[in-house]
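Single-letter residue listing:
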Amino acid sequence: MKFKLIRSNKRFLYKGIIVEPQVRDFFTGRIWTRSNTPFHQEKVNAYIQQNYFNVKSGITSQPKGIFLRQSFTCNRCYNQIQHEFVQYNCAKCEKICVYCRHCINMGRVTSCTNLILWNGPLPLKYQKHVLDWDGTYTPAQKQAAQELTESMNNKRSHLVHAVCGAGKTEILFPAVLHALNKGLRVCIATPRTDVVLELFPRFQKVFPNTNIHALYGNAPKQAGFSQLVLSTTHQLFRFENAFDVELVDEADAFPYTIDLALQQAVLKAKKEGAPIAFVTATPSTQILNTVKKENWSYSFIPKRYHNHPLPVPRFEALWSYEKGITRGKIPLKLIEWTEKRLSNREPFLIFFPTIQLMQKAIPLFQRMNEKILSVHAEDEHRKEKVIKLRNEEIPGLLTTTILERGITINNVQVAVVGAESKIFTSSALIQISGRVGRNVQFPEGDIVFFHHGITAEMDEARNEILRLNKEGFGS
Amino acid sequence: MKRNEVENCLLCNSPIDVPVTWKTLLTNEFPRTICLECEEKFEICKTSNEEVTSLYKYNEQMKDYLHRYKFMHDLLLAKVFRYQLHYHLKKTKELIVPIPMHAEKRKERTFAHVDELLNEAVIPYTHLLEKMTTATQASKSREERLNTPQIFQLEQGVIVQQKDILLVDDIYTTGTTINHAKQLLLDAGAKSVKAFTLIRG
Ligand SMILES: [Zn+2]
Ligand SMILES: [Zn+2]
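What this report covers is the structure whose coordinates are included nearby. Sequence positions are assigned chain by chain, starting from 1 and proceeding in written order. Here chains are named by letter from A upward and ligands by number from 1 upward, in the order in which they appear as written. pLDDT decides what is reported in this predicted model: residues at 70 or higher carry local features, side-chain atom pairs at 80 or more are listed and counted, and totals for whole chains, interfaces and linings draw on all residues regardless. Each side-chain value is derived from all of the structure's non-hydrogen atoms; neither hydrogens nor water enter the calculation.

## Quick word on helix α8 (residues 176-187) of chain B
All names here are of chain B.
Then comes step 1: For the purposes of this entry, the term helix denotes a DSSP run of H or I that reaches at least four residues, the term strand denotes a run of E that reaches at least two, and both are numbered from the N terminus. Here a helix's expected span is defined as the number of its residues, less one, multiplied by 1.5 Å. Spanning twelve residues, α8 covers 16 Å between terminal C-alpha atoms, matching the ideal 16 Å at 1.5 Å per step.
Then comes step 2: When accessible area is computed with a 1.4 Å probe and restricted to protein chains, residues below 20% of their type maximum are described as buried, those above 50% as exposed, and intermediate ones as partly exposed. Buried within α8 we find T176, T177, I178, H180, A181, L184 and L185.
Then comes step 3: Directly after α8, the chain includes G189, whose backbone phi takes a positive value near 105°.

Laid out in C-alpha cells, this is it:
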C-alpha cells in the first residue's frame, strides 16, 4: 500500500497536473462511462490524456464456438447473454454498434462508449475508525463474530448461516472494524435496496468516524472517499477491483440467485484474492456447494438472540381460495383469522402469490377494516406503509413476497395465502416465518400457511425450522 | 422477422407465452414483443380530430416507455408499437414525412426515434424537412414555444407542390412542432398537411 502511494506521488509530480482530491476520491475503484461523470467533460478528458485513467471499450466481441460467431461481453456488467445485446445503426459512428440491455438502467453502454478506470494516486486512509456499540452478544453471536473476523483477516471466504432474528448485522461489526483499521476498503452488498436502507443508519451510528456511502438506484450524491460502502449488488456493476473485503448480506435473495451477471459483479468488484463472506438465514444449495468446493469457513447460529425457538408454521387447507376471492368472497377460515387479529389488536401481514390476486382481495379486506392496505414491489409508498404498520396506524398489510425479508414489526402475526404457489419456495417460506416473534417482548406469534394442497417446499420449510430449533435447543 | 424473435416481454421481462392461434399465425409478420399485462396498461386515445390522429394517451405506462426509449436509448423498444403503427399507416395515400431531429441531436442520441418506429413498422417514408435548432420544445415555456420563429427548413431541392402530406411524430403536446412544419409545407405549396402521432400528451 505504502509503496503504491509513493510511486503514484512521484508520477503525479512528473506529470505536472494537480490531482484534485474530489476526482481521485470519486473514481478510485470505480468503472464509469467516460461521457457521463459528475465532472466537466474537458476535465475528465485532460486526466485521460495524462494517463490517469485506463480506458476500455464498453463492449468487446470475440469469435466463439466452431462457427466462430461473434460473442459479446459487456465490460461494465460482464453480461454475456447474447440476446441481451442489440446491434443497431449508430448515427454517431455511422456504422453498426452494439449496446447491452442488461445494465441499461444505469445509462446505456455501447461498443462506442468508453469506460474509464482510475489509475492515478490512491486516497489516503489516515482515519482512526471506532466502533461505538454497547450492545451485547449471545455466546453464539460472539463466536460467529470472532470466526468471521479471523477469516477476513486470513483472506479466507466465509459463510455465516444465522436464523432469522439471530442478530446477524451485529456479527459483522468487529470484522468491519478490523478491516477498516488495517486500511482496507470494505463493501457490504445485498440484492435488496430495502436492506441497504435499513443497514445505512445502523452503520452510521456505530461507525461515527467513518465516511460511509450507501449506493442504490437514485441514491443521492455522496462526497469524499468512502472506505466503507453499503451497496445493492446491482450498483457493484460500477466497481472493479475495488474492495479488499466483501460481505454479501441476504445472498440468497432474488434476483441475485438467478442473475449470473450480478454474481459476476460481486466478484469483479473485489480485488483479486480478496475474501468474501455470505450472510444468510437460508443458504441456497448453490452457496453451500461453493462453500464446500472452495473450502470456506463456516459459522452457524441456530438460535435467535432472545433465546426463544423459531415459531413453527402450521398448515391450514383453504380450498379454492382463488375462485372465492375472484368471486368477491374471502374464504371463511381467512376471515376468521383476520377478525381474530383485528379484535386482539395484533398487527398482521398476509402474503399473496400474485399482485393480481392481492388486488382482487384488498377491497374485500377493506370491508372488514377500511384501514387495511396492500403493498407490492412497484409501490411508491412501500416504506411509508410499513412504517404505518409498525406505528400501529393501520391494523395490517396485504403484501407480495417483497416483504419476505428485512422487516421487523413487534408482535406481528403472519398468514400466507396460497402457500402451495411456485413463488413460495422453501427459503421464501422460512424467511416469511422469520418475520414472527423477533422481539424479546413478543417472542411468539402465529404463522399459518393457507393452502390448496401441501407442497414439498412447504414441508421442507417446516422441517428446516423444526431442525433449527432442535439444533438450538436440543429437544 | 421470425416467430419467437422476442421470448421475454421487452418492458417487464416476463416470459411471453401466447398460445398459437390462427390469428397469431396470420399476423406472423409482427410477433408479440410485450406481454398482455404491459399492453393493457397503455391507454388508447379517443380524442382525435381531422387534423391530428394519435394512438395512445400519455399515461404513466407511456411516460415510462418514452423515457426508456428516447432518453435511456433502448432502441430495441422501437419494436413495441410496430404492429399498431403498421396497421394504421399501411394504407396511407399521403406522403409520410417524419418530423426530423437536428443532426447534432441525432448523433447524440445515436438514432432518430421517429424514423426507427417507422422502420420497425415497415412503413416507407420520405424526409423533406431539416431541423435548424437544437433546442427541444420540452425545454421551453409555453410562451416561448408559441413565439419561436420557424424551427424547420425544407431540405435542399425538395418540391412539395400539390402533394398531400402526413407528418409523423412521437408525441403531440402543444402542437407547436407540428404547426411549424405544417406552415412551412403549406407555404411551399403543399396541397394538404395532416399529422399522425403515437401519443397525445
Ligand atoms: Zn456507435
Ligand atoms: Zn451491461
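## Structural notes on the sheet that holds strand β7 (residues 114-118) of chain A
Residues and elements named next belong to chain A.
Then comes step 1: Read across the open sheet, the three strands follow the order β1-β7-β2; overall the sheet is antiparallel. The open sheet terminates on both sides in strands that have one partner only, identified here as β1 (31-33) and β2 (53-57). On average, adjacent strands in this sheet sit at an angle of 30° to one another, irrespective of strand direction. If DSSP finds at least two bridges between two strands, the strands pair. Fitting a line to C-alpha atoms yields each axis, with helices limited to the stretch in contact; the angle taken between N-to-C directions then spans 0 to 180 degrees.

## Section: the coordination of the zinc ion (ligand 2)
All names here are of chain A.
Then comes step 1: Only nitrogen, oxygen and sulfur atoms qualify as donors, provided they sit within 2.8 Å of the metal or within 3.2 Å for Na, K and Ca; with water excluded from the atoms, sites may seem incomplete. Coordination sphere of the zinc ion (ligand 2), protein contribution only: C74 (SG), C77 (SG), C100 (SG) and C103 (SG), at 2.3 to 2.4 Å.
Then comes step 2: Every donor residue of the zinc ion (ligand 2) comes from the same chain, spaced as C-x2-C-x22-C-x2-C. Considered together, C74 and C77 belong to a single accessibility category, that of buried residues.

## A look at the interface of chain A and chain B
Interfaces are often described in size by the accessible area the parts lose on coming together.
Then comes step 1: What makes two residues a contact is simply this: any of their non-hydrogen atoms within 4.5 Å. In this complex, chain A contributes 13 residues to the contact, which on the side of chain B involves 14 residues.
Then comes step 2: What gets called buried area is simply the loss in accessible area from a 1.4 Å probe that two parts show on being joined, summed for both. Summed over both sides, the interface between chain A and chain B buries roughly 1200 Å², with carbon and sulfur atoms accounting for 49% of that surface.
Then comes step 3: In terms of surface lost to chain B, no three residues of chain A exceed A:A91, A:R101 and A:R108, which account for 43% of the buried area on that side.
Then comes step 4: What counts as a salt bridge is simple: a side-chain nitrogen of Lys or Arg found within 4 Å of a carboxyl oxygen of Asp or Glu. For A:R101, the salt bridge is made with B:D74, and the minimal N-O distance between the two is 2.8 Å.
Then comes step 5: Pairs of N or O atoms are called polar contacts if they sit within 3.5 Å, as long as, within protein, a hydrogen donor faces a hydrogen acceptor (for residues adjacent in sequence, only side-chain-to-side-chain pairs). Across the contact surface, chain A and chain B share nine residue pairs in polar contact (both at pLDDT 80 or more).

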